[in-house]
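Here are the chains, one letter per residue:
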Amino acid sequence: MANIIDGKTVAQKFKNKLKDEVDFLNGHGVKPGLAVVLVGDNPASLIYVKAKTKACEEIGINSFQYTLHKNITQKELLRQISELNNDTRVHGILVQLPLPDHLDEELTLEAISPEKDADGFHPVNIGRLVVGKPLFQPCTPLGIMKLLEDTGIDLSGKEAVVVGRSNIVGKPIALMLLQKNATVTICHSMTLNLREKIEKADVVIAAIGKPNMIKGEWIKQGAVVIDVGINRLDNGRLVGDVEFEEASKRASFIT
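Since we're looking at a predicted model, the values are computed, not measured. (Residues numbered from 1 in each chain as written. Predicted model: local features only at pLDDT ≥ 70, side-chain atom pairs only at ≥ 80, totals over all residues. Heavy atoms only, no water.)

*Asks:* Just give me the short version of the packing of aromatic side chains, but keep the residues and values in it.
*Replies:* Scanning all chains against the criterion turns up zero aromatic pairs. Sitting over the face of the ring of F64, R89 holds its NZ or CZ atom 4.5 Å from the ring centroid. (Phe/Tyr/Trp six-rings, centres within 6.5 Å; stacked < 30°, edge-to-face > 60°. Lys NZ or Arg CZ within 6 Å of the ring centre and 35° of its normal.)

Following this line, the structure appears as structure tokens:
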């Protein structure tokens, strides 16, 4: 039976470390500040922003929230980001995604100064990640790496399969795994023989957004499984991308 990777415990250890660093900065006259820009009233986004604000309070970071009307124009949104780029109180900027359909997500993210791009989505920061000199890194992939680190597994030489190729999770986590000398395969909706790929994997990162798509019997004995998927079934139950019950019988560690 697999060991359960407790994300909350790992997160708390990370918060404690950050708090020490923030206290050090405060002692030298620097108060870190994070600005979160929320456009509209998407229920999931409201939850995420609330969680980020709470985390800032726990650690001692100044939190600035800018809630903008869902019908804001692209020009007005870019003006707000420009103001934050020039605000010396603000050291990091997050634009909560997704944006309303009439707004250009790519243009919006590129407007954030790379030095304040806390989400790590700016092309400059993605480029730095590609060449192995990261500044800011996308948070979900970085969280995955922290979870893997907590298991104690040495990724060097391991076969890692990433299911999903999004710019937010799939592609960045593949790059991070490469930097740890894993041999990485990226799978997606057009991949043939997905089962065969997963059956060979020492590490499986599931980020495809399809409930129970990865069958538990596909998991290699002793593999580490990180399931990023959050899917709601018709009966209201939340499940991941991996069949947990069966996978947990085969994996060594699983979320």
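Still to come is the rest of the account.
*Asks:* If you had to explain the nonpolar core to someone new, which residues and values would you point to?
*Replies:* In this structure, L148, I173, L177, I205 and I226 are the most contacted members of the largest nonpolar core, which totals 20 residues. Of all the secondary-structure elements, those providing two or more residues to this core are α6 (139-151), β5 (159-163), α7 (170-179), β7 (203-206) and β8 (224-227). With four residues, α6 is the single largest residue contributor to this core. Those residues within four positions of I173 in sequence are excluded, and the remaining contacts are P141, I144, M145, V162 and I205. (Core = buried A, V, L, I, M, F, W, Y, C linked by side-chain atoms within 4.5 Å. Buried < 20%, exposed > 50% of the residue type's maximum accessible area, 1.4 Å probe, protein only. Helix = DSSP H or I, 4+ residues; strand = E, 2+ residues; numbered from the N terminus. Contact = heavy atoms within 4.5 Å.)

*Asks:* Give me the lowdown on the sheet that holds strand β6 (residues 183-187), citing residues and values where you can.
*Replies:* A sheet is described by the order of its strands in space; here six strands give the open sequence β1-β11-β8-β7-β5-β6, paired in parallel fashion. Edge positions in the open sheet fall to β1 (3-4) and β6, since each of these has one partner strand only. With respect to the sheet, α6 is in contact with β7, β8 and β11 (253-254), its orientation differing from that of β8 by roughly 150°. (Pairing = 2+ DSSP bridges. Axes fitted to C-alpha atoms, helices over the stretch in contact; angles between N-to-C directions.)

*Asks:* Before we move on, could you go through the sheet that holds strand β4 (residues 92-95) and cite the residues and values that matter?
*Replies:* Spatially, three strands are ordered β3-β2-β4 in an open sheet, and the strand pairing comes out parallel. The open sheet has two free edges, formed respectively by β3 (62-68) and β4, since each of these has just one partner strand. This sheet shows a mean twist of 15° between the axes of neighbouring strands, independent of strand direction. As judged from the seven bridges shared by strand β2 (residues 33-39) and β3, these two strands associate in the parallel manner. Each bridged residue has a counterpart across the sheet, and for A35 the counterpart in β3 is F64. Lying over the sheet, helix α2 (residues 43-59) contacts β2, β3 and β4, oriented at roughly 170° with respect to β2.

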